[in-house]
Amino acid sequence: TINEATFAATSNGENISVKGKHRLANDVERVVQEHLTYVREEMCDGWDLIHEEGKMKVYRREVEENGIVVDPLKIFHSIQGVTGHEICHYFWEYQYRMEWETTLDSTKIIEALDQDTVIFFQMHKRVWPTAQRDSCFWSHIRCISNSEEDQPTWLVVNYTTPHPLAPIKPPQVRLIANVAMICETIINEPPLNPKDIKRENIQCKLAYVAFVNPGGWVPSAAVRNVAKREYPRFLRRFTSYVIEQTRDKPILF
Ligand code: 16C
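Numbering of residues starts from 1 in each chain and follows the order in which that chain's sequence is written. Confidence filtering applies because this is a predicted model: local features only for residues at pLDDT of at least 70, side-chain atom pairs given and counted only at 80 or more, and all residues used for totals across whole chains, interfaces and linings. Computation of side-chain values covers all heavy atoms of the structure but excludes hydrogens and water.

A.B. asks: When you look at the packing of helix 3 (residues 84–92) against helix 5 (residues 220–246) in this model, what are you seeing that I'm missing?
C.D. replies: The relative placement of two packed helices is expressed as an angle between their axes plus a distance between the axes. Their axes nearest at 10 Å, the elements helix 3 and helix 5 cross at an angle of 110°. The pairing of helix 3 with helix 5 is recorded here as roughly perpendicular in orientation. In this structure, the crossing between helix 3 and helix 5 has a hand that is right-handed. Across the interface between the two elements, Glu86, Ile87, Tyr90 and Phe91 from helix 3 touch Phe234, Phe238, Thr239, Tyr241, Val242, Gln245 and Thr246 from helix 5. Classification used: nonpolar for Ala, Val, Leu, Ile, Met, Phe, Trp, Tyr, Cys and Pro, charged for Asp, Glu, Lys and Arg, polar for all others including Gly. For the contact of helix 3 with helix 5, a count of residues per class yields 7 nonpolar, 3 polar and 1 charged. A fitted line through C-alpha atoms serves as each axis, taken over the contacting stretch for helices, and the angle formed by two N-to-C directions is quoted from 0 to 180°. Helix and strand assignments follow DSSP, with helices taken as H or I runs no shorter than four residues and strands as E runs no shorter than two, numbered in order from the N terminus. Note on terminology: angles under 35 degrees are roughly parallel, angles over 145 are roughly antiparallel, angles of 65 to 115 are roughly perpendicular, and the others are oblique. In a left-handed crossing the near helix is turned counterclockwise from the far helix by less than a right angle, and in a right-handed crossing that turn is clockwise. The contact criterion used is simple: two residues touch if any of their non-hydrogen atoms lie within 4.5 Å.

A.B. asks: I would appreciate a short explanation of the layout of surface pockets in the present structure.
C.D. replies: Rolling a probe over the atoms, with the probe sized like a water molecule, indicates the empty space that remains. Points on a 1 Å grid over protein atoms alone make up a cavity when a 1.4 Å probe fits among them but cannot get out, and a pocket when they form an open set with protein on both sides within 12 Å along at least five of seven lines; lining residues each have an atom within 4 Å of a point. Grid points are joined across faces, edges and corners, and a volume is the space filled by probe spheres set on the points. Here the largest pocket defines a volume of roughly 1000 Å³. Around the largest pocket sit 40 residues that line it, and Thr103, His124, Leu175, Val212 and Tyr231 are the ones nearest its centre. Of all the elements in the fold, those that place two or more residues in the lining of the largest pocket are helix 4 (97–100), strand 7 (117–124), strand 8 (133–144), strand 11 (176–187), strand 12 (202–213) and helix 5. When its residues are assigned to classes, the lining of the largest pocket shows 23 nonpolar, 7 polar and 10 charged. If you add up the space inside the second largest pocket, you get close to 270 Å³. Contributing to the lining of the second largest pocket are 14 residues, with Val39, Ile182, Glu184, Lys205 and Ala207 lying nearest its centre. Sorting the residues of the lining of the second largest pocket by element identifies helix 2 (25–40), strand 5 (73–80), strand 11 and strand 12 as the ones contributing at least two each.

Quick look at the structure:
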């Protein structure tokens, strides 16, 4: 088996781990910052609102690279009764994944880089008649405090990376993903004593961003139809799952 030390030694120079930091720490930092900038950008030219359901709004920009659909997608939502930390916790943690993910055959952690960063290998459900997709990505969770008064921003980023424990094995096709879940918690009519905050006082404003390249040709119309149906379905199911899981638990700020 290959352990972390041997992998660091066989990687290219910039990925070799430096003291106190794992080998992908710079990559993680760069991608996190890119998402924080990108999520604040205005939704203007080229973005189509493709689905609206209650407070959920799904936007997409149609983009093809060499004939492959790579449409960027952004979803904004607002969920009553949960915090950003709770949303990110259930999205990041391995142990809950198969309870809300309906588009996977399997998921596993193949390496832990630090307390907040792991590498997942996932097998996605096959979409007939295209080849089955798998994915290998680092997954990082982070809390960013904005100011003393405001609730912190929580985020999770999932970003494709190669790994010696996850070689590409045809007929599977490796998809390329860059996904972020970015959450803010709003406290409505805050009681004088923070200890008195109830679930009815809290709301999570969520942004979900996905850049997915299917990694090989798939008929454009099929990808766009599946995406239009599956992303809202995912967010609906995932957010109800978090509401359900946290209902009778103390609030995790
Ligand atoms: O973000 C989500 N899940 C995370 C944890 O699993 C993680 C996943 C990243 C990969 C997202 C790409 C999924 C494409 C899978 C292709 C197979 C779809 C199977 C549909 C079954 C009916 O960040 C939540 C992800 C929610 C995914 C919704 C599905 C989007 C489909 C996009 C169209 C790609 C078509 C490719 C055809 C082979």
